[in-house]
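Structure assessment
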Amino acid sequence: MDTLKTNYYGSLCTEVYEILHEKAPRDELDFYLSYVEKGSKILEPLCGSGRFLLPFLERGFDISGMDLSGEMLGKLKEKAPDARVIQADITEYDTGEKFDYIFISSGSVSLFTDIALCKEILGKVKGLLAPGGRFVFAVDTVWDRCEDDQEYQVSISVKTKEGLDLIVKSKNHYEEATQTQFSPSIYQLYNGKELLQSEPMDFQTHLYRFGEMEQYLKEIGFSSVRTYSSFQKEIAVDDQCEMFLFECSI
């Protein structure tokens with residue numbers, strides 16, 4: 001689907017992500033680990049290059065993953081060749097398995113800017129839960145919107161392990177009517193002044209208001225929904241926070 005392809009992580013985007021976000025932040029990792037019970041069967045959709053999935057594996061948990069980006073999964077398999085992961089569009093993901101615990105980290109649900117598609121995906125996840133299972137995920141909020149930039153500006157500059165320069169140029173525009181943050185970017189790989197590779201990314205996220213996602217989750221059929229404003233599980237009371245975290249059960 002177009003929305004999924006819009007935010008596709010290609011080779012240069014994956015390389016930047018690995019350099020900047022190789023390991024999961026400790027507080028966020030502890031938050032998702034806190035829901036694991038002995039013998040849980042776990043699924044991480046949108047697992048990317050495995051910065052959350054791998055620590056779960058290292059602790060001996062029964063976890064599977066899926067992601068649309070072959071480039072991201074390639075990095076994961078380099079680090080854990082035996083990890084149970086598949087490349088798939090989440091809307092087409094089909095398995096006979098049911099899971100006790102499903103989580104989507106890092107605000108990735110916000111990538112689904114088409115709300116009808118987002119509801120479809122949330123419903124898909126609900127259908128993958130075993131009786132008594134829990135679904136935990138995060139979204140970005142309107143409080144975290146970026147200032148508008150009319151021109152591309154260098155936002156990231158890093159060195160690869162080969163000593164090459166990886167530059168990211170981006171600009172931002174927030175559309176109030178749809179609560180969509182548009183952040184198109186251009187990833188460029190240089191050897192000195194020689195441009196070796198260029199890769200565009202049309203990055204978009206939906207920024208949520210307090211109470212918005214809760215309504216969607218109840219429409220889909222989740223009977224219990226808790227909304228937190230931090231990884232310390234402080235109850236959210238408004239949208240004056242960078243992220244909402246949801247704990248859902250059916």
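Since the model is a prediction, treat every value here as computed from it, not as a measurement.

A word on helix α6 (residues 115–128). A rise of 1.5 Å per residue sets the reference length of α6, with its 14 residues, at 20 Å; its end C-alpha atoms lie 20 Å apart and thus fit the reference within 8%. Buried within α6 are the following residues: Ile115, Leu117, Cys118, Ile121, Leu122, Val125 and Leu128. An end-on view of α6 places all buried positions within 155° of arc, on one side of the element. Near the N-terminus of α6, the side chain that reaches the backbone nitrogen of Ala116, with its oxygen 3.0 Å away, is that of Asp114.

This paragraph deals with the environment of Leu54. Looking at the element boundaries, Leu54 is found in helix α4 (residues 53–58). With residues near it in sequence (within four places) discarded, Leu54 still touches Ser49, Leu76, Lys79 and Ala80.

For the rest of this paragraph, the subject is the packing of α6 against helix α7 (residues 212–220). Packing of α6 against α7 leaves a shortest axis separation of 10 Å and a crossing angle of 55°. In terms of orientation, α6 and α7 fall into the oblique class. Here α6 and α7 pass one another in a crossing that is right-handed. Note on element contacts: α7 touches α6 through Met213, Tyr216, Leu217, Glu219 and Ile220, opposite Ile115, Cys118, Lys119, Leu122, Gly123 and Lys126. For the contact of α6 with α7, the residue count by class is 7 nonpolar, 1 polar and 3 charged.

Taking the numbering used here, the UniProt-annotated feature "domain: Methyltransferase" (unreviewed entry) corresponds to residues 42–133. Helix makes up 33% of residues 42–133 and strand 27%, and the two end C-alpha atoms of the span are 10 Å apart.

Take the nonpolar core next. Core analysis: the largest hydrophobic core is formed by 33 residues, its most contacted members being Phe135, Phe137 and Met213. For this core, the elements supplying multiple residues, two or more each, are β4 (99–104), α6, β5 (129–140), α7 and β12 (243–249). No other element matches α6, which puts 7 residues into this core. Setting aside anything within four residues of it in sequence, one finds Phe137 in contact with Tyr32, Ile104, Val109, Leu122, Met213, Leu217, Phe244, Leu245, Phe246 and Cys248. With 26 residues, the next largest nonpolar core counts Ala24, Ile63, Leu73 and Leu76 among its residues.

This next bit is on helix α5 (residues 70–79). Taken as a whole, α5 has its buried residues at Met72, Leu73, Lys75 and Leu76. Around the axis of α5, the buried residues are gathered within 155° of arc, so they sit on the same side. Turning to α5, the residues buried within the fold contact α2 (11–20), α4, β2 (62–67) and β3 (84–87).

Thresholds, definitions, all that
- Residues numbered from 1 in each chain as written.
- Predicted model: local features only at pLDDT ≥ 70, side-chain atom pairs only at ≥ 80, totals over all residues.
- Heavy atoms only, no water.
- Helix = DSSP H or I, 4+ residues; strand = E, 2+ residues; numbered from the N terminus.
- Expected span 1.5 Å × (residues − 1).
- Buried < 20%, exposed > 50% of the residue type's maximum accessible area, 1.4 Å probe, protein only.
- Arc of directions from axis to C-beta.
- Polar contact = N/O pair within 3.5 Å; in protein donor to acceptor, adjacent residues only side chain to side chain.
- Contact = heavy atoms within 4.5 Å.
- Axes fitted to C-alpha atoms, helices over the stretch in contact; angles between N-to-C directions.
- Parallel < 35°, antiparallel > 145°, perpendicular 65-115°, else oblique.
- Left-handed = near helix turned anticlockwise from the far one by under 90°.
- Nonpolar A, V, L, I, M, F, W, Y, C, P; charged D, E, K, R; others polar.
- UniProt positions renumbered as here; feature names shortened; annotations may be inferred.
- Core = buried A, V, L, I, M, F, W, Y, C linked by side-chain atoms within 4.5 Å.

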